[in-house]
Amino acid sequence: MSGDKIKQLFVKHIEKMVFGLVALFALLILAGAQWSTYQKTALQLTQDLETADRLIATSNWSAEEQANFPLVEIDEEVNQMLAGINDSPYRWPTETFYNPAGRDDPRRKPELLAVVQLKADSGRTILAQQNEVALASDSDSDPAMSDGGVTPTKTSDQPEDLTPDDVSARPTTPTNGLGSEYSENPYAATNYVEEIQISDSYNEMVAGYSGSYSEEGMSTNLPSNVKGVPVRYISVRGVFDLRKQVLNYSRALSISETEAERLVEFLDFKLERQSAPSTNGPWGEWEPVDITVATDYLQQTVDFDTDVVSAGVRDRVITMPLPARLIGVWRNKANHPAVKNFELSPEEIEAEQALNRKILEDLRAKNQTIKQRAAPGGFASLQLDVTSMQQSYFEENTDMNRIDRSFSKDEFEGTPAEVRKKLIEKIKAQVSAAGNLVLFRYIDFDIEAGKAYRYRVQLVLRNPNFDAPIDQLVDPAIALDEILETPMSDPSDVATVSSDYEYFVKRVNPPRGISGEIADLEIFQWYDSGTMVRGNLSIEPGEYIAGTDKTYVLRPADLKYEEEPDVQFKTSDVVVDAVVISKLDYNLHKDLVLPKNLTRGEVGVVPEVLVVDGEGTLKDLDPISREALHGQYAKYYEDEKKPFEGIKDAGKKVTEGSALDSLLGSDGSMDSEMMMMYQEMDAGATRLQNRRRNPSRRSAPPNSGSSSFSSP
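Residues numbered from 1 in each chain as written. Predicted model: local features only at pLDDT ≥ 70, side-chain atom pairs only at ≥ 80, totals over all residues. Heavy atoms only, no water.

*Asks:* It is not clear to me how the overall build of the protein chain should be interpreted in this structure. Could you clarify?
*Replies:* The secondary structure content of the protein chain amounts to 15 helices and 24 strands. Split into buried and exposed, the 712 residues of the protein chain put 44% on the buried side. Relative to all contacts within the protein chain whose residues are 6 or more apart in sequence, the contacts with residues 24 or more apart total 79%. Surface accessibility of the protein chain: about 37,900 Å² in total, with carbon and sulfur atoms responsible for 52%. (Helix = DSSP H or I, 4+ residues; strand = E, 2+ residues; numbered from the N terminus. Buried < 20%, exposed > 50% of the residue type's maximum accessible area, 1.4 Å probe, protein only. Contact = heavy atoms within 4.5 Å. Areas by Shrake-Rupley, 256 points an atom, 1.4 Å probe, with all protein chains shown as cover.)

*Asks:* How should the sheet that holds strand β18 (residues 532–539) be read in this particular structure?
*Replies:* Pairing between the strands of a sheet comes from backbone hydrogen bonds, and it takes one of two forms, parallel or antiparallel. Spatial ordering of the open sheet is given by β16-β17-β18, a layout of three strands whose pairing is antiparallel. The open sheet terminates on both sides in strands that have one partner only, identified here as β16 (501–509) and β18. On average, each strand axis in the sheet is tilted by 20° relative to the strand beside it, whichever way the strands run. Pairing analysis gives eight bridges linking β16 to strand β17 (residues 518–526), with the strands arranged antiparallel. Residue pairing across strands places Tyr 501 opposite Gln 525, the latter belonging to β17. (Pairing = 2+ DSSP bridges. Axes fitted to C-alpha atoms, helices over the stretch in contact; angles between N-to-C directions.)

*Asks:* Help me out: how do you make sense of helix α6 (residues 242–253) in this one?
*Replies:* Each full turn of the α-helix corresponds to 3.6 residues, which orients residues three or four apart in the same direction. Between its first and last C-alpha atoms α6 spans 16 Å; for twelve residues at 1.5 Å apiece the expected length is 16 Å, and the two agree. Those residues of α6 lying buried are Leu 242, Gln 245, Val 246, Asn 248, Tyr 249, Ser 250, Ala 252 and Leu 253. Elements that come into contact with the buried residues of α6 comprise β5 (226–241), α7 (257–263), β12 (437–444) and β13 (452–462). Where α6 begins, the side chain of Asp 241 points an oxygen toward the backbone nitrogen of Arg 243, at a separation of 3.4 Å. (Expected span 1.5 Å × (residues − 1). Polar contact = N/O pair within 3.5 Å; in protein donor to acceptor, adjacent residues only side chain to side chain.)

*Asks:* How should the side chain of Ser 529 be read in this particular structure?
*Replies:* Turning to its location among the elements, Ser 529 is positioned in the loop between β17 and β18. If we ignore the near neighbours within four places in the chain, the residues touching Ser 529 are Ile 126, Pro 230, Val 553, Leu 554, Arg 555 and Pro 556.

*Asks:* Just to check I follow, could you spell out the pattern of salt bridges for this structure?
*Replies:* Pairing between side chains of opposite charge can happen when their charged atoms approach one another. Inspection of every chain in the model, using the stated rule, returns 25 salt bridges. The shortest N-O distance in the salt bridge between Asp 307 and Arg 314 comes to 3.6 Å. Judged by relative accessible area, Asp 307 falls into the buried class, the value being 3%. With a closest N to O distance of 3.7 Å, Glu 448 and Lys 451 form a salt bridge. Note on Glu 448: relative accessible area 44%, which makes it partly exposed. What makes Lys 451 partly exposed here is its relative accessible area of 28%. (Salt bridge = Lys/Arg side-chain N within 4 Å of Asp/Glu carboxyl O.)

*Asks:* Looking at this model, I keep getting lost on the environment of Asp 558. Mind explaining?
*Replies:* Looking at the secondary structure, you find Asp 558 in the loop between β19 (544–555) and β20 (560–579). Judged by its relative accessible area of 28%, Asp 558 falls in the partly exposed class. Each C-alpha atom of the pair Asp 558 and Gly 228 lies 9.0 Å from the other, and the pair is 330 residues apart in sequence.

*Asks:* Can you walk me through the pairing of β20 in this structure?
*Replies:* Across a regular strand the side chains alternate sides, sitting on one face of the sheet and then on the other. For β19 and β20, the ladder comprises ten bridges, and the chain directions are antiparallel. Each bridged residue has a counterpart across the sheet, and for Leu 554 the counterpart in β20 is Tyr 561. The loop that links β19 with its antiparallel partner β20 comprises four residues; one of these, Leu 559, has a positive phi angle of about 55°. In terms of strand pairing, β20 meets strand β23 (residues 608–612) through five bridges, oriented antiparallel. Note on β23: the bridge partner recorded for Asp 577 is Leu 610.

*Asks:* How do you make sense of unusual backbone geometry when you look at a structure like this?
*Replies:* Most peptide bonds take the trans form, and the phi angle of most residues other than glycine is negative. Residue Pro 282 follows Gly 281 across a cis peptide bond; omega there is 0°. For Pro 282, the position within the fold is in the loop between β6 (266–276) and β7 (287–288). You will see that Ser 254, though not glycine, has its phi angle at about 60°, which is positive. With respect to the secondary-structure elements, Ser 254 resides in the loop between α6 and α7.

*Asks:* Even after reading the chapter, I still don't get the packing of aromatic side chains, so can you show me in this structure?
*Replies:* Two measures describe an aromatic ring pair: the distance that separates the ring centres and the angle between the ring planes. Here the structure, examined in full by the defined rule, presents 14 aromatic pairs. Ring plane angle 10° and centroid distance 6.5 Å describe the contact between Tyr 501 and Tyr 503, whose orientation is recorded as stacked. In this structure Tyr 503 comes out as buried when scored by relative accessible area, which is 1%. A ring pair is formed by Trp 526 and Tyr 636, whose centres lie 5.5 Å apart and whose planes are at 70°; its orientation type is edge-to-face. Here Tyr 636 lies in helix α13 (residues 627–641) and Trp 526 lies in strand β17, a separation of 110 residues in the sequence. Residue Trp 526 is classed as buried on the basis of its relative accessible area, which comes to 4%. Linked through ring pairs, Phe 269, Phe 379, Phe 440 and Tyr 442 together constitute an aromatic cluster. Above the face of the Trp 330 ring, Arg 325 is positioned so that its terminal group lies 4.4 Å from the ring centre. Here the basic side chain of Lys 648 rests over the ring of Tyr 552, its NZ or CZ set 4.4 Å away from the ring centre. (Phe/Tyr/Trp six-rings, centres within 6.5 Å; stacked < 30°, edge-to-face > 60°. Lys NZ or Arg CZ within 6 Å of the ring centre and 35° of its normal.)

Pasting the structure below:
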């Protein structure tokens, strides 16, 4: 074989030769190794390990051996090592914007969260308003609440405003209070702080009244400067995950969570709604809600009612305060299931009110102003920042015994130990609530009876990158806008506002003489008193469902519950026809499966009434198909009147008693039991008696120097 062929063979098969040499080397190593199986079982190995552990545990380390390994105080050694080190050459010559131990990533636009779990519930109540101010909605947008007002009947059979939340009694104590001091934004160039001068208006009485007695009976009316205004409303609530938003700020801005928490500032909100004739639609376009309607109601109310949720989950911009009611309770329809754990008991409401009042008194005694973040929108101009105020107060007053002594006995009931326990529990609740969830709440008064509504909302926040140095931003464009808007929330559930009346078929009377069928109807109607009245009407085909009846009328504003002779019921519906068949001939309907115990061959038939409503829709009514709805109305009627049973026919009783006293020569003074009955009533005018103003309500608009904001 020639040399060239040998070279070619080597080039073509060099890889195989190398692989063969490696394999041969591995075989030689394996052949020289000594292999054997492990003779012990797993149990024996475990026993050996346990024996070794026991020997170590029982071994005795002699003093001589211990001396060879002395103990060393690590902390002391480290301190000695650092004692001679001077850190001045390593200090920063100027203050830094960023934490040197933190990230130095450029600032990004934070991801914004939307309000979630939006709920909407309808209701009706009577607000306590200032008498010298007249609402335009009394005559325009709310005609059903005035004499002769008629609105179309509702198209849904599920009126959601017929719930006990609007008719049960509620505590009479007011609540709330303040704002807090905020330092300048360290990541921007503007100081967004407003100062509010503290006045003593929070300590004023809202209203006083006195009852008068005459031969006509007892008169207990509202003060001349207060009036009761019946309203329908929809309460819209949702929750905002503040904790997650803070985390998003922290990541986007490369700062700590503590710093990021101060930068999440609510400035305003944008609420939209859709309306429909029923829960089944068709739904109209999304339209902005006129928030000035709610603010007008809040400005005209005599006071704010006590809030039912902790200040830690409320925000003065996006959580609407509660206008004072003469009847009903703000409870479930002002709260949200997601913050149910932060709902306040009556005792906690009392404690919060006392705390806020005490903070105001301390600030006023020191001649200090309230410093809080300036916010141009929402409800910031109407209420103070209670959450930050309380947090600042707790930080300055860490001594619980000192806090105990700062409250007077008039504010709390119980022993000092019980008062102390209440305050400690209250503080713990505030700490756990603040910084996690925030309640969005809006009460819409600009609605129509018989319609269905649903809502969506987005929040307006201050841009944390506004005016930040360009060299710290990933994109200079993110610092141009002063505000940021969160994504629009998902639509809320549907809230249905019941019509101003509802009627039910009781029976249909057969024709007699020249008269045709007559339908006997039971009617429920919202009256000008702001409460529901119930009456009975007999209507012939072709007649409007209207008329008068003698029935009881509850007037909470006057604290009267008496029978009135000519209560007017009026609707826009007409009875078209009424059918009654007293007996059904069994022989003519053998295909029907009728009870076998019928021996006469005849069975009764449910009466029917055909009605056309104000919109021209025909409705076929009978007592059976609407029995559940009738029970719902009847229950609401009874629940609404239950707290006032003690004063039912009170004026008549007083008049009869005074007539008897005159015959017996008495001086005609009011019976002590009757007087106590009026004084103990938790309704109507008595809710304003000896009531001090809510300290959280701002008595004047914010300073004119506050910043103004507009959408980009």
